[in-house]
Structure formats: C-alpha cells, structure tokens
Amino acid sequence: MARIESYPSPVFSNTSRQIKSILFPTDFSETARQAFTYTLRLAEDLGASIVLLHVYQETPVDIAYMPMEFMDALKAEKMEKAHEAFQAYLKDFRSRTVEEGRINTLLQSGRPANEILRYSEELQVDLIAMGTQGAASPSEKILGSVTAEVIERAHCPVLAIPRETNYQPVKQILYGLGGEEAEIAVVDKLMALAEGFQAKLICTHIQAQDEEVDQVQQHPAWEALKSIEEGGNLELVMMENEDEIFRGLQKFITRHRVDLLAMMTHQPGKTESYKKRQSLTRKMMLYTDIPLLAFHAPSTR
C-alpha cells in the first residue's frame, strides 16, 4: 500500500500553468539526486508542484522456508531506509527554500516502470522528470533503462535529465521536426511551454542528402508552422545535407547553446516511422548532455 505524506516546499511566483505538477521518481542514487536538484529549479521557473516517488522491490524469499515475521521485518527495514532518504532529500530541499508551500512523497513496492506509469496516470501529472546515467553506464547502454521504458509508455511528456547536468534557465528549446501533420499539436504545446519560460522555440528539420528543399517546405507541419512563425518565440531552421539526424542535432545543440531538446516519439498508425523516432530518441537520451523532453503525439491532454 502506498504511503503519501506532505512536506513544505516553495510557493512559486511564476503564473505559467502549462506544467502544474511534476512526478519525480528516485532510487536515491547520486544520479537521481542531481536530477532532483535540476527538477526543483525547473519547478520554481514553471510554478509547478512536485510528487517525489520511490519504488522499492520486495526481497525475493521462499515463503515455505521463511517466517512471516522475518519477511515483515525486511519490508519494514526497506520502508524505514526509504523514509530516512526522503528526509535527507527534503532537508536539503527546505534549506534552499524561504517560503512555505507543499511537496508530496510517495513510497510504493513493485516494478519501478509500472508504478511510475501507474501513478503518473492516477495523479494526472503534467510531466515526469527522471535522471539518466548515459551511455557510459553499461546498465543504460546494454540492458536499457527505466527512463527509456517510461518514455515509450507514458501518457504525458517525460523529461530525461543527464547526470552532471547543472540547471540553467531555459532560454532556447530545440525540436527536431520530421514534417508530419501530427507534430503541429506537439509544437503548439511546446510554444506554450516556451512562453512560460520566456524562451525561444527553434524547430529544425535535418535535410537528408537525397531530400529536396521543396519537399521539406511542402510538409504539412512545415507549411502550418511557417504561417505562424514569430521571430520572438518560434523560429524555423532547415539544416541541409546532413548524413545523420543524430549528428545534425548534436551540432546544432553545441553551436546554438540549446538548453532543452524536445522530441516526438509516437505516431499512431506509422509503425516504421515510430520505430525510427523511438531509436533516435533513445540515442539522444544516452549521448546528449542536455535534458531531453519526449512527447507523444497527437496530444490527448
């Protein structure tokens, strides 16, 4: 049974309500701790509340040979350690807070990805924020990660925060535009998010070597966005003759000091396209040193 508690947190002054609540799952690792610090600063800028979730797995034992009292003691020990870790998080949280508000904590047993997804839907959060270790970690590169699974299955946007990422106010958001009509809904959400940050949204299409400029400009999404392009908030950029989308995005991020990368990961009815986007999103998550915001489309929220 989940246990939910409330603790003090900041009262945020930003009036943007695009993202009102953030679910942050933690395993209490250093990677998660650093990502939590980033998420706190992000929440301040967005005017959002945070639900801090820890999912612990039951110790596998053979009930035929293990007394029930011992099993209960193991479970109680895990819960006690989790509560101590919560307190350490929240002590640090309060030390950087001068005004009082509220933050919630959740403790639950089960499979991490399943519980994260379940609570994100039950609580109807607007964003899931998670830490990632990157390709340097064998568990991330070879076995995959909970973050990657959550990105693929979540009903809401997921923010993957690389290890060692220091928070910077979001001033430039980059979205890799494929050209599909479904992306218009995603860009609409991103424009609202950019407005909340007072940031610029840059939509770039990485032109393949065998792709004509006229073909790109005739894509439904490109035509629609061109008609509403505003110099202050939305900018369309075409990058020509790149041999790989991954490298093209990486170059753009470095050259233009992008603070946040957004990508659409799901397109109903377009299985092959979906697989390609899924693969690219995972690669960017592993190798990019800025946070990645993964969207599904079309939006149902």
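Remember, it's a predicted structure, so these values are computed and weren't measured experimentally. (Residues numbered from 1 in each chain as written. Predicted model: local features only at pLDDT ≥ 70, side-chain atom pairs only at ≥ 80, totals over all residues. Heavy atoms only, no water.)

Tyr-175 and Leu-201 are the most contacted members of the largest nonpolar core, which totals 50 residues. With 8 residues, the top contributor of residues to this core is helix α1 (residues 30–46). Contact partners of Leu-201, with chain neighbours within four places excluded, come to Ile-173, Tyr-175, Val-187, Leu-190, Met-191, Ala-194, Asn-233, Leu-234 and Glu-235. Among the nonpolar cores identified, the runner-up in size contains 38 residues, and Leu-117, Val-125, Leu-249 and Met-284 belong to it. (Core = buried A, V, L, I, M, F, W, Y, C linked by side-chain atoms within 4.5 Å. Buried < 20%, exposed > 50% of the residue type's maximum accessible area, 1.4 Å probe, protein only. Helix = DSSP H or I, 4+ residues; strand = E, 2+ residues; numbered from the N terminus. Contact = heavy atoms within 4.5 Å.)

Moving on, we come to helix α3 (residues 112–122). At 3.6 residues per turn, the α-helix brings residues three or four places apart onto the same side. Ala-113, Glu-115, Ile-116, Leu-117, Tyr-119 and Ser-120 are the residues of α3 that are buried. The secondary structure elements touched by the buried residues of α3 are β2 (21–25), β3 (49–56), β4 (103–109), β5 (127–132) and α5 (146–153). Immediately beyond the C-terminal end of α3, within one or two residues, lies Gln-124, with a positive phi of roughly 50 degrees.

Turning next to unusual backbone geometry. With the exception of glycine, most residues fall at negative phi, and the peptide bonds are largely trans. Of note in the backbone geometry, Phe-28 takes a positive phi value of approximately 70 degrees without being a glycine. Checked against the element boundaries, Phe-28 lands in the loop between β2 and α1.

We now examine the packing of α3 against α5. To describe two helices that pack against each other, one gives the angle between their axes and the distance between the axes. One can describe the packing of α3 onto α5 by two numbers: an axis separation of 9 Å at closest approach and a directional angle of 40 degrees. If you check the angle between α3 and α5, you find them oblique. Note on packing geometry: the crossing formed by α3 with α5 is right-handed. Contacts between α3 and α5 involve Pro-112, Ala-113, Asn-114, Ile-116 and Leu-117 from the former and Val-146, Glu-149, Val-150 and Arg-153 from the latter. Among the residues forming the contact of α3 with α5, the class breakdown is 6 nonpolar, 1 polar and 2 charged. (Axes fitted to C-alpha atoms, helices over the stretch in contact; angles between N-to-C directions. Parallel < 35°, antiparallel > 145°, perpendicular 65-115°, else oblique. Left-handed = near helix turned anticlockwise from the far one by under 90°. Nonpolar A, V, L, I, M, F, W, Y, C, P; charged D, E, K, R; others polar.)

It is worth spelling out the pattern of salt bridges at this point. In the structure shown here, the tally under the stated rule is 7 salt bridges. Note that Arg-41 and Glu-44 form a salt bridge whose closest N and O atoms lie 3.9 Å from each other. Of this pair, Arg-41 and Glu-44 both sit in helix α1, 3 residues apart, which is roughly one turn of that helix. Glu-44 sits in the partly exposed class, given a relative accessible area of 31%. Its salt-bridge partner being Glu-149, residue Arg-111 comes within 2.8 Å of it at the nearest N-O pair. One end of the pair, Arg-111, is in the loop between β4 and α3; the other, Glu-149, is in helix α5, with 38 residues separating them in the sequence. A relative accessible area of 40% places Arg-111 in the partly exposed class. A single salt-bridge network, built from bridges that share partners, covers Arg-111, Glu-149 and Arg-153. (Salt bridge = Lys/Arg side-chain N within 4 Å of Asp/Glu carboxyl O.)

Our next topic: helix α6 (residues 183–197). Taking 1.5 Å per residue as the helical rise, α6 with its 15 residues ought to reach 21 Å, and the 21 Å between its terminal C-alpha atoms agrees with that figure. Those residues of α6 that fall on the buried side of the exposure criterion are Glu-183, Val-186, Val-187, Leu-190, Met-191, Leu-193, Ala-194, Gly-196 and Phe-197. Of the residues flanking the end of α6, it is Gln-198, one or two places downstream, whose phi is positive at about 60 degrees. (Expected span 1.5 Å × (residues − 1).)

Let us now look at the environment of Thr-31. Looking at where Thr-31 falls in the secondary structure, it is placed in helix α1. Between the C-alpha atom of Thr-31 and that of Pro-162, which follows or precedes it by 131 residues, the distance is 8.0 Å. Sequence-distant contacts of Thr-31, that is, excluding residues within four places in its chain, are made with Gly-131, Thr-132, Gln-133 and Arg-163. Within polar-contact distance, the side chain of Thr-31 engages the side chain of Arg-163 at 2.7 Å. (Polar contact = N/O pair within 3.5 Å; in protein donor to acceptor, adjacent residues only side chain to side chain.)

Turning next to the packing of aromatic side chains. In total, this model carries 2 aromatic pairs according to the counting rule given. Seen in terms of ring centroids, Phe-24 and Phe-36 are 5.4 Å apart; in terms of plane orientation they differ by 50 degrees. Their pairing is tilted. Residue Phe-24 is found in strand β2, and its partner Phe-36 is found in helix α1; the two are separated by 12 residues along the sequence. Exposure class is identical for Phe-24 and Phe-36. Each is buried. Taking NZ or CZ as reference, Arg-118 lies 4.6 Å from the ring centre of Tyr-119, over its face. (Phe/Tyr/Trp six-rings, centres within 6.5 Å; stacked < 30°, edge-to-face > 60°. Lys NZ or Arg CZ within 6 Å of the ring centre and 35° of its normal.)

Relative to the helices and strands, Asn-233 resides in the loop between α8 (220–226) and β9 (234–239). Given a relative accessible area of 16%, Asn-233 falls into the buried group.

Of note, Thr-265 is situated in strand β10 (residues 260–266). For the pair Thr-265 and Arg-282, spaced 17 residues apart in the sequence, the C-alpha separation amounts to 9.5 Å.

The element β2 is extensively covered by neighbouring structure, given that 5 of its 5 residues are classed as buried. With burial as the criterion, each face of β2 is covered, one bearing Ser-21, Leu-23 and Pro-25 and the other bearing Ile-22 and Phe-24. Once you follow β2 into α1 and on to β3, the crossover reads as right-handed. Pairing geometry for β2 and β5, over 2 bridges, is parallel. Bridging from a neighbouring strand, Ile-22 pairs with Leu-127 of β5. (Right-handed = clockwise from strand over helix to strand, strands pointing away. Pairing = 2+ DSSP bridges.)

Functional significance is not addressed by these values, which are geometric in nature.
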